[in-house]
Amino acid sequence: MAFRHPFFNFFLLFLSFYCLNTSTLARPLSHRPHTVVDIRNDLPNKTHVQLVLGCDKGSSFHLKPGHHHNGTLTVDQDFECTAMWSPWFTTWDAYHAKRDKGHHTVYWSVRKDGFYHSWEGSKWKLQEDWYTE
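Summarised in this report is the structure supplied together with it. Being a predicted model, the structure only gives us computed values, none of them experimental.

Conventions and cut-offs
Residues numbered from 1 in each chain as written. Predicted model: local features only at pLDDT ≥ 70, side-chain atom pairs only at ≥ 80, totals over all residues. Heavy atoms only, no water. Core = buried A, V, L, I, M, F, W, Y, C linked by side-chain atoms within 4.5 Å. Buried < 20%, exposed > 50% of the residue type's maximum accessible area, 1.4 Å probe, protein only. Helix = DSSP H or I, 4+ residues; strand = E, 2+ residues; numbered from the N terminus. Contact = heavy atoms within 4.5 Å. Lys, Arg positive; Asp, Glu negative; His and termini not counted. Salt bridge = Lys/Arg side-chain N within 4 Å of Asp/Glu carboxyl O. Polar contact = N/O pair within 3.5 Å; in protein donor to acceptor, adjacent residues only side chain to side chain. Pairing = 2+ DSSP bridges. Axes fitted to C-alpha atoms, helices over the stretch in contact; angles between N-to-C directions. Phe/Tyr/Trp six-rings, centres within 6.5 Å; stacked < 30°, edge-to-face > 60°. Lys NZ or Arg CZ within 6 Å of the ring centre and 35° of its normal. Patch = residues over 30% accessible without salt bridge, like charges linked within 9 Å, V, L, I, M, F, W, Y side chains within 5 Å. Areas by Shrake-Rupley, 256 points an atom, 1.4 Å probe, with all protein chains shown as cover. Charge placed at Lys NZ, Arg CZ, Asp CG, Glu CD.

If you look at the biggest cluster of nonpolar residues, it comprises 21 residues, and the most contacted ones within it are Val-37, Ile-39, Leu-51, Phe-79, Trp-92 and Trp-108. Counting only elements with at least two residues in this core, the list comes to strand 1 (34-41), strand 2 (51-55), strand 5 (79-85), strand 6 (88-95) and strand 7 (105-111). Considering every element that reaches this core, the biggest residue donor is strand 5, with four residues. In contact with Trp-92, not counting residues within four places along its chain, are Ile-39, Leu-53, Phe-79, Glu-80, Cys-81, Thr-82, Ala-83, Trp-108, Phe-115 and Glu-128.

Given below as structure tokens:
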């Protein structure tokens, strides 16, 4: 006995497409590729002004000299941070998909002369400067 009602055929086609799509394309966040962004405060220990960081619209926090902060994010989203070390400040892409995709960890070293980027945590390249008004 064959069903010839057009709505029923459309419903079966839709249901088949939906089941295939959700089983093959949808993955939980834990299975999506991710990257760790590690930011280290390498400013002088004797500084009287603390480094203040805020990343990706999150709340700001103080990062003491010698300490680091890291966050995990999915690889398809850019991740922007703002830093203040009065009277200096800057905003930079802590993770930029075109530049950093394919690297498990992106390292940043915050120094007196700017922000240094690395993929291994040893070979550093000055990527961003401090600014002041």
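A few words now on the side chain of Glu-128. Along the polypeptide, Glu-128 turns up in strand 9 (residues 125-128). For the buried Glu-128, no salt bridge is present, and the opposite-charge side chain at shortest range is Arg-99, 7.5 Å distant. Polar contacts involving the side chain of Glu-128 include one to the side chain of Thr-90, which spans 3.4 Å. With residues up to four places along the chain from it excluded, the contact list for Glu-128 reads Thr-90, Thr-91, Trp-92, Gly-114 and Phe-115.

Turning next to the sheet that holds strand 6. The strand order 3-2-5-6 describes an open sheet built from four strands, whose pairing is antiparallel. Strands with a single pairing partner mark the edges of an open sheet, and in this sheet they are strand 3 (61-63) and strand 6. Averaged over all pairs of adjacent strands, the angle between their axes in this sheet comes to 30°, without regard to strand direction.

Another point: the packing of aromatic side chains. One pass over the full model with this rule turns up five aromatic pairs. An angle of 65° between the planes, with centres 5.8 Å apart, marks the rings of Trp-92 and Trp-108 as edge-to-face. Pair noted here: Trp-92 is in strand 6 and Trp-108 is in strand 7, with a separation of 16 residues, a long-range link. Overall, Trp-92 belongs to the buried group, its relative accessible area being 3%. What makes Trp-108 buried here is its relative accessible area of 0%. Members of the aromatic cluster, joined through ring pairs, are Trp-85, Trp-88, Trp-92, Trp-108, Phe-115 and Trp-130. If you follow Arg-111 out to its NZ or CZ, it ends over the ring of Tyr-116, 4.1 Å from the centre.

The next point concerns the pairing of strand 1. In terms of burial, strand 1 is a largely internal element, six of the eight residues being buried. Note: strand 1 against strand 4 (residues 68-74), seven bridges, orientation antiparallel. The residue of strand 4 that forms the bridge with Arg-40 is His-68. Sheet analysis places strand 1 next to strand 7, joined by six bridges and oriented parallel. Note on strand 7: the bridge partner recorded for Asp-38 is Tyr-107.

So, on to a negative patch on the surface. Taken together, the side chains of Asp-56, Asp-78, Glu-80 and Asp-93 make up a negatively charged region of the molecular surface. Among the structural elements, Asp-78 can be located in the loop between strand 4 and strand 5.

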